[in-house]
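Structural description and commentary
Here's the letter readout for the chains.
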Amino acid sequence: RRATESVAEAAIRDGRLSRLQLVRSLEFSTERPRMRCCQPPAARHCRRTATAALRPLLRSCTTKARLKASLNLPKTSFSLHAKVAETEPRLARQLAVDHYERQAAQRGGADAFVLHDGPPYANGDLHMGHFLNKALKDIINRAALLAGHRVHFRPGWDCHGLPIEMKAIQAGEAESLSPLALRARAAECAREAVAAQRESFVRWGVLGDWEAPYTTMAPEYEAAQLGVLQAMLRRGLLFRGERPVHWSPASRTALAEAELEYADRHVSTAAHVAFPLLEGPPAAAAAADFDPFDGGSALEGAAVVVWTTTPWTIPANQAVCVREDLTYAVVEASDVQPSQLPSEPALPAAAEVEERVRAQGEVVRAAKAALKEGRGSKAEVEAGVAALLRLKSELQSGKPELQPGDSPPNLNASPLPHGARLVVAASLVDALSEAVGTPLVVAATLPGAALIGRHCAHPLSARPVPVLHAEHVTDDAGTGLVHTAPGHGPEDFAVGVAHGLAAACPVDEKGCFTAATEEAAGFAGESVLDDGNEAVLTALREGGSLLAAARHEHRYPYDWRSKTPVIFRTTPQWFVRLGDLRGEALAALHAVEMRPPAGRARLEAFVRGRTEWCLSRQRSWGVPLPAFYHVETGEALLTEETVEHVASLVSTHGSDCWWRLSEAELLPPRMRHEAASWRKGGDTLDVWFDSGASWAAVLSPDRCPPADLYLEGSDQHRGWFQSSLLTYAGAGGGRGGGGGGAGGGGAGAPYGAIITHGFVVDERGVKMSKSIGNVITPAELIDPPPA
């Protein structure tokens, strides 16, 4: 027994004996004698005694760790449990960051595949549209890796623009913030958004250079952008002009066509307005088929009728346009029965409106209950709430909600007196009769040429306005005579230029009337899209010139950011002349592969339809448009030399230097002695010019084309695809850029191929949108909240 104990203790202490080995040896030593023969009782007793003595020692050495050490198992760091919350982010980072860096290092000599990332806006949370876009790019990049290429994919962000600027402005501080203070806040907002979105993109496992992304607010990027501007100046493509541009009263800035969205069911108040003809023979009395006795006498005491969906532009009217080859009719109002006269719509009784409010409230409650049970949608709830609010507003104001075709309350015209004479296109007599609610009888007909040269009295002031010919006049709708305000429309402006008319624009940056014209003075301070429009209609009615007014549903442009209606407003702006540039851009597209092929026609149509590009924006958060203006004459100064000097300052100090430095420091050295005669401008460049110049700031200038592929949503035909093409062609195909990196490259387009994708939709096939509340965020799918 003692011998056995000592041997066992030594073996266990030295690690030569494990519990399993000891147990087996004891079993062997106690069972083996039985196999040979029966032992006498004394021998069996000795064995039992020895086994009992070893049991305490056996228990002391049979720990779990010693047992595990006795097993010959493979060793691995692989966790027994998934630990998804910890493992997936680590693996996603390896897929997104580590793999990109490894392939860039190991395939330095391989052919590069360049997919240029269109910069998403650095504002708000990512949505499923971002997820779809980045997933498609990731698939293509990894396919290029499998094909043996070295992938170049540098993610980017668009950091300038109005939404970030508005986010930076706190309530009530818009007027008190200095440009530099506002820019500091906006930059911080953009940085925060970039950091959050970058973390999400990496979490998705998207392969890319996430350690060195580009942002449009980086000094080197801004300098490269100014280099593209310098190259376009060298080609004489930039000019400053005063002409009508799309203007957002909500954003208080000019907008380019690419910054507009069109609402198909916008409702305006359309008005038929009479302009009395002044006495005098027509300039074209000798026109063919015109009888001076018949038509001339019929025009005495007559008024031409215009139709407009923007009555607020009447105070800026400078002419009435006709088409010389159209046939016009002089019509007379016949006897009218009282039932035919337009009348005030009956206001519903308060009790009736209250009942409608109660019923709509029940509808909203039912929609909310259905949403909680998973049977309804958030969009239905929001639509019900909007209808309820309209009814409550109607109850409080006592005014009914108007629908298209209804006459606005308090704006109905007085009935036409018997024998009143009006001039309208012959094909539209019945339409005018229906609109004014009065039977009209044709007294005479005459060609449009017979009206040209006459003058009418302005309905708000009796100021003489001429009747002119214009090619854009048709008899498809309206009256065949067009109210012309050169300050509020491109076609009107062209007529004004041809005939020397003033481009009167009595509207300020807030969209409110000013006293710039005699006719607008009485409406000063009122919004043209709201009370001012109603005030003009009231004044026309009281003056006897408003023949009819009704709600008209039509397509109308909206600010793509604020989602509010825009207006045409004449202001001095900087433009890119696209006349000759369009041909170069369209020719460059022939060598670009399009997927799907239908995208080619869409992009070409957008390019072909533009004549000018308004570059200037009246905002503080953006890349400065480095123009100077003479303090006495207002003459503009924007040259290659001044842009190059400012670009060099921006590359070192960032674009804040435009607001921080003095004119003496911003002007080129040879002009510093003239600094007192110049003041720096306050405009910034269009954000589409920002992102459109990314090829110069991000891609290699020695590559032609700089990128193999652009891949974005189909809405970018009118956005980034177009602005990239125009800046590349405008800078001479990348050949002629100045300081900052716009040089190099060759003619053509900045991309070899374009792929466009559609939009993510909900279960009803409706595009997901934050505004209607039907979105699903990627975070809900990737990192769902715990149950």
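Our structure's up above, just so we're on the same page.
Here is a short report on the structure shown in this document. (Residues numbered from 1 in each chain as written. Predicted model: local features only at pLDDT ≥ 70, side-chain atom pairs only at ≥ 80, totals over all residues. Heavy atoms only, no water.)

Description of the overall build of the protein chain
A count of helical and extended segments in the protein chain gives 24 helices and 26 strands. Put simply, of all contacts in the protein chain between residues at least 6 apart along the chain, 80% involve residues at least 24 apart. Put simply, the protein chain shows about 37,700 Å² of open surface, and 54% of that area lies on carbon and sulfur atoms. (Helix = DSSP H or I, 4+ residues; strand = E, 2+ residues; numbered from the N terminus. Contact = heavy atoms within 4.5 Å. Areas by Shrake-Rupley, 256 points an atom, 1.4 Å probe, with all protein chains shown as cover.)

What about the pattern of salt bridges?
This structure, assessed with the given rule, holds 23 salt bridges. In this structure, D656 engages R183 in a salt bridge whose closest nitrogen and oxygen atoms are separated by 2.5 Å. With D656 in the loop between helix 18 (640-653) and helix 19 (657-660) and R183 in helix 8 (residues 179-203), the pair connects residues that are 473 residues apart, well separated along the chain. According to the relative accessible area criterion, D656 is partly exposed, its value standing at 23%. Notably, a salt bridge pairs E188 with R191, separated by 3.1 Å at the nearest N-O pair. Taken together, the positions of E188 and R191, both in helix 8 and three residues apart, correspond to about one turn of that helix. R191 sits in the partly exposed class, given a relative accessible area of 43%. Within this structure, D117, K134, K137 and E712 form a network of salt bridges that share partners. (Salt bridge = Lys/Arg side-chain N within 4 Å of Asp/Glu carboxyl O. Buried < 20%, exposed > 50% of the residue type's maximum accessible area, 1.4 Å probe, protein only.)

Section: the packing of aromatic side chains
Enumeration according to the criterion identifies 15 aromatic pairs in this entry. Relative to Y558, the ring of Y556 has its centre 6.5 Å away and its plane inclined at 90 degrees; by these criteria the two rings are edge-to-face. Comparing Y556 with Y558 shows no difference in burial state: the two are buried. Geometrically, the ring pair formed by W613 and F689 is tilted, given 5.9 Å between the ring centres and 55 degrees between the ring planes. Taken as a pair, W613 in strand 19 (residues 612-614) and F689 in helix 21 (residues 687-692) lie far apart in primary sequence, 76 residues in all. Taking relative accessible area as the criterion, W613 reaches 1% and is therefore assigned buried. Three or more aromatic residues link up through ring pairs in this structure, and these residues are F131, W157, F201, W204 and W210. Lying over the aromatic face of W247, R569 brings its terminal NZ or CZ to 4.5 Å of the ring centre. (Phe/Tyr/Trp six-rings, centres within 6.5 Å; stacked < 30°, edge-to-face > 60°. Lys NZ or Arg CZ within 6 Å of the ring centre and 35° of its normal.)

Considering helix 17 (residues 598-608)
Along helix 17, the residues that are buried comprise G599, L603, E604 and V607. Each buried residue of helix 17 sits inside an arc of 130 degrees when the element is viewed along its axis, so together they form one side. (Arc of directions from axis to C-beta.)

Considerations on unusual backbone geometry
Of the consecutive residues R595 and P596, the connecting peptide bond is found in the cis state with omega at -5 degrees. With respect to the element layout, P596 can be found in the loop between strand 18 (593-595) and helix 17. Residue P705 is reached from C704 by a cis peptide bond, and omega for that bond is -5 degrees. Relative to the helices and strands, P705 resides in the loop between helix 22 (694-698) and strand 25 (709-713).

Points about the sheet that holds strand 18
Here we have five strands laid out as an open sheet, ordered 2-1-25-26-18, and parallel in their pairing. The sheet terminates laterally at strand 2 (150-152) and strand 18, the two strands that pair on one side only. Across this sheet, the average inter-strand angle for adjacent strands is 20 degrees, counted without regard to direction. Bridging between strand 18 and strand 26 (residues 753-757) involves three bridges; their strand directions are parallel. Paired with R595 across the two strands is I755, which belongs to strand 26. Helix-sheet contacts for helix 23 (residues 720-730) involve strand 1 (112-116), strand 25 and strand 26, and the interaxial angle to strand 25 is about 145 degrees. (Pairing = 2+ DSSP bridges. Axes fitted to C-alpha atoms, helices over the stretch in contact; angles between N-to-C directions.)

As for the pairing of strand 8 (residues 303-308)
Most of strand 8 sits out of view: five of its six residues are buried. Two elements, strand 7 (residues 260-276) and strand 8, share six bridges in a ladder whose sense is antiparallel. Within strand 8, the position partnered with H272 by the bridge is W307. Where strand 8 lies against strand 11 (residues 421-425), two bridges are found, and the strand directions are parallel.

A few points about the nonpolar core
If you look at the biggest cluster of nonpolar residues, it comprises 70 residues, and the most contacted ones within it are F275, V304, Y328, V423, L451 and F513. Considering every element that reaches this core, the biggest residue donor is strand 16 (residues 546-559), with six residues. With residues up to four places along the chain from it excluded, the contact list for V423 reads L277, L299, A302, A303, V304, V305, Y328, A329, V330, L451 and L481. If you look at the next biggest cluster of nonpolar residues, it comprises 69 residues, including L233, A627, V698 and A729. (Core = buried A, V, L, I, M, F, W, Y, C linked by side-chain atoms within 4.5 Å.)

Section: the packing of helix 16 (residues 579-588) against helix 17
In the contact formed by helix 16 and helix 17, the axes pass within 10 Å of each other and the chain directions differ by 170 degrees. Classified by the angle between their axes, helix 16 and helix 17 sit roughly antiparallel to one another. Listed contacts from helix 17 to R582, A585 and L586 of helix 16 are E604, V607 and R608. In the contact of helix 16 with helix 17, the residues fall into three nonpolar, no polar and three charged. (Parallel < 35°, antiparallel > 145°, perpendicular 65-115°, else oblique. Nonpolar A, V, L, I, M, F, W, Y, C, P; charged D, E, K, R; others polar.)

As for helix 6 (residues 128-146)
In a regular helix each residue adds 1.5 Å, so 19 residues correspond to 27 Å; helix 6 covers 27 Å between its end C-alpha atoms and thus fits that length. Taken together, the buried positions of helix 6 are occupied by M128, H130, N133, K134, K137, D138, N141, A144 and L145. Phi turns positive, to about 95 degrees, at G148, one or two residues after helix 6. (Expected span 1.5 Å × (residues − 1).)

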